[in-house]
Amino acid sequence: MDVLAELRTATAPGADLALVVVPAGLGLAVPGRRWAVPGDAAGSAALLARLEELLRPRWTWWAAAGAVGRLPDPLPHLARCHDVGAVHRLLAGGSREDPAACWAAAHGLPQPPPPARRPAPLHGTGLLDLDGGDDGEPVGDDGQLAPAWSQGRALGEAEPAEQVVRAARWAALALEVAQRQARAVAALPEHRRRPGGPPLGVQTAHAESAAALLAVELERTGLPLERATAEGLLERAAGPRPASAAEEARLRAVRDAPVRRALGAGEVDLRNPAQVLGALRGLGFDLPDTRAWRLEQFRHAHPAVEALLSWRKAERIATTYGWSWLDTAVGADGRLRGAWSASDAAAGRMTAQAGLHNLPAELRPAVAAEPGSVLVRADLGQVEPRVLAAVSADAALTAATRDDDLYAPVAAALAADRPTAKVAVLAAMYGQTSGAAGEALQRMERAYPTALGYLRAAEEAGREGRDVRTYGGRLVRVGAPAPGEVGAATAARGRFARNAVVQGAAAELFKAWAATVRAGLSGSAGRIVLCLHDELLLHVPAGEAERAAALLVGALEQTAGRWAAGSGVRFVADVSVVRRWSEAK
């Protein structure tokens, strides 16, 4: 009997199937059985695609990057997964997601030391780690994973035939951890009794795992970028491509000169905040620092401030998003690629490298659909206050979410104009208590006491050094107060916790939405190409634009119906079909 037939016999459709990918083939495991499947990368990908078609399993792996990340293009579409590292971060908080930490937490063992930094461990990035290790048992006498296994050396050093045998053992261990994690997420406390469906913690674990898989796909797919347009934008913003280091220095001096003249300080180093602050004080500006948001208030008070702010934009493009960035981050196929993370170490937002999350507005016209395709962009409207309404169960704020513009009914409730209402909501979520924000916050306290009580409880926990959990169950580590900690540090921890319970919940909703959209794109040529906090960007054939736009709206309704079931909160998205990202409003 071949492996495919054995798997079909031993595995019920939809069951958990653990996977480890190595250069010599695959390791697969279900409860009580495991398979070592030799083969090359193309054969492994074909087998996984066939298993997906026949069994529709929930794939289990230590980390998506070390499983799917090792497969060649085109990646097979794997619909459902359990990512051990991603679920560990949900349950335990912090930034660790290595196998040793996941295993120890699942078995109630002390956390082992972080793994030593090694070049590309097998389980993490898909490349071999060949230094050191042994061929001993994967679990030591102390119950902890053996370093040679947890750091990838036991697999990386083995001969091909032995490599796939060990991969199967490694898959079985991942499955054991996943089963323990599944019980843990099912037992997470719920903020409110939910009508039917799986517990919210289980839903969050599924979405976090899907986001980890999506992160691998985003890096592979890349963001379409017109190189010629990008070059023109760079030249206008930062000057022509320098031919040498000397030419680069000359262009830098040319950019600096007008600002120095405006400041009246010819020798000031514009890249030294202390010197810039001194020059501004010489012009009569008594400022504590030179942060952009602070300078914006004085943009029209003196030409030097306007010149400095404009120079900063050009300098950022010239240095962070300059010619070197274009040459290294954008491939020959016109795709901007960088590594993605499904969850940052704070509240759990998706993040990316290579400037994907901070691309200046000046460069957005270069992000353009390829011929025959369009970009379909969806932006969640006022998502954090709507999330606050859902997680706090504030009836008055929930009623406000039924409006397309949430700030309009809030303004009416506060007897204030819309800008003041927006300031009030932001002040509530970010803990601002001074000036106009403080006055607005007092009005919020009277109009929406349940929502503000929820935020105050989180802030108090943070001030006391108690960790908090988001609505979806993510543990957010706050940290105990340091000996002799002063009031400012205590207040900062309180504000962090106050915002984390909203921002973290919004991130969970966003990832669940992205996972639903990803599922809806299966079988089409459309792909998610960017996840930006509360914005999704799809690249789809022009003929599929209408379907993609409807998918984004329908997926949000489905996601909200599960995530905020019974809350009555309405979530909205602004969807547009454009040729260039800059055209989206």
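Residues numbered from 1 in each chain as written. Predicted model: local features only at pLDDT ≥ 70, side-chain atom pairs only at ≥ 80, totals over all residues. Heavy atoms only, no water.

Draft legend 1. View of the overall build of the protein. The number of helices and strands found in the protein is 24 helices and 15 strands. By the compact-globule yardstick of 25 Å for 585 residues, the protein fits well, its C-alpha radius of gyration being 26 Å. A principal-axis box enclosing the C-alpha atoms of the protein has dimensions of 80 × 60 × 60 Å. Going through the 585 residues of the protein one by one, you find that 51% of them count as buried. Relative to all contacts within the protein whose residues are 6 or more apart in sequence, the contacts with residues 24 or more apart total 64%. Summing over all exposed atoms, the protein offers an accessible surface of approximately 24,800 Å²; the carbon and sulfur share of this is 54%. Here the protein holds 66 positive side-chain charges and 65 negative ones, and the gap between their average locations is 3 Å. (Helix = DSSP H or I, 4+ residues; strand = E, 2+ residues; numbered from the N terminus. Rg over C-alpha atoms; globule rule 2.2 N^0.38 Å. Buried < 20%, exposed > 50% of the residue type's maximum accessible area, 1.4 Å probe, protein only. Contact = heavy atoms within 4.5 Å. Areas by Shrake-Rupley, 256 points an atom, 1.4 Å probe, with all protein chains shown as cover. Lys, Arg positive; Asp, Glu negative; His and termini not counted. Charge placed at Lys NZ, Arg CZ, Asp CG, Glu CD.)

Draft legend 2. Region of the structure containing helix α23 (residues 487-521). Compared with an ideal rise of 1.5 Å per residue, which puts 35 residues at 51 Å, α23 spans 50 Å between its outermost C-alpha atoms and is within 8% of the ideal. Of all the bends in α23, the greatest measures close to 35° and is centred on Ala500. Burial of α23 is extensive: 27 of the 35 residues sit out of reach of the surface. Just downstream of α23 lies Gly523, where phi reads positive at about 90°. (Expected span 1.5 Å × (residues − 1). Bend = angle between axes of the 7 residues up to and from the residue.)

Draft legend 3. Focus on the domain arrangement of the protein. If you check the domain split of the protein, you get domain 1 (2-118 + 128-187), domain 2 (228-326), domain 3 (335-383 + 508-583) and domain 4 (387-505). Taking only C-alpha atoms, the centre of domain 2 and the centre of domain 4 are 36 Å apart. (Domains from an automatic or database assignment.)

Draft legend 4. How the structure looks around the pairing of strand β14 (residues 535-541). In terms of residue burial, β14 counts as a mostly covered element, since six of its seven residues are buried. In this sheet, β14 lies alongside strand β10 (residues 373-380) in antiparallel orientation, the contact comprising seven bridges. Bridged to Val376 within β14 is Leu538. Pairing analysis gives five bridges linking strand β13 (residues 527-532) to β14, with the strands arranged antiparallel. Residue pairing across strands places Leu532 opposite Glu535, the latter belonging to β14. In textbook terms, the turn of a hairpin is the stretch between consecutive antiparallel strands, and for β13 and β14 this stretch comprises two residues, one of which, His533, has a positive phi near 60°. (Pairing = 2+ DSSP bridges.)

Draft legend 5. Spatial organisation of the sheet that holds strand β5 (residues 80-83). Read across the open sheet, the five strands follow the order β3-β2-β1-β4-β5; overall the sheet is mixed. Edge positions in the open sheet fall to β3 (33-38) and β5, since each of these has one partner strand only. Adjacent strand axes in the sheet meet at a mean angle of 25°, parallel and antiparallel pairs treated alike. Alignment of strand β4 (residues 58-61) against β5, held across four bridges, turns out to be parallel. Paired with Trp61 across the bridge in β5 is Asp83. In the packing of helix α2 (residues 41-55) onto the sheet, the strands contacted are β1 (16-22), β2 (25-30), β3 and β4, and the crossing angle to β2 comes to about 30°. Each of β4 and β5 is contacted by helix α4 (residues 84-92), which is oriented at about 60° to β5, the strand it contacts most. (Axes fitted to C-alpha atoms, helices over the stretch in contact; angles between N-to-C directions.)

Draft legend 6. View of the packing of helix α5 (residues 99-106) against helix α9 (residues 160-186). Look at α5 against α9: their axes get within 9 Å of each other, and the N-to-C directions meet at 45°. Considering the angle they form, α5 stands oblique to α9. Regarding α5 and α9, the two cross each other, and that crossing is left-handed. Between α5, through Pro99, Cys102, Trp103 and Ala106, and α9, the contact on the second element is made entirely by Trp170, Leu173, Glu176, Val177 and Arg180. Looking at the contact of α5 with α9 residue by residue, the class counts come to seven nonpolar, no polar and two charged. (Parallel < 35°, antiparallel > 145°, perpendicular 65-115°, else oblique. Left-handed = near helix turned anticlockwise from the far one by under 90°. Nonpolar A, V, L, I, M, F, W, Y, C, P; charged D, E, K, R; others polar.)

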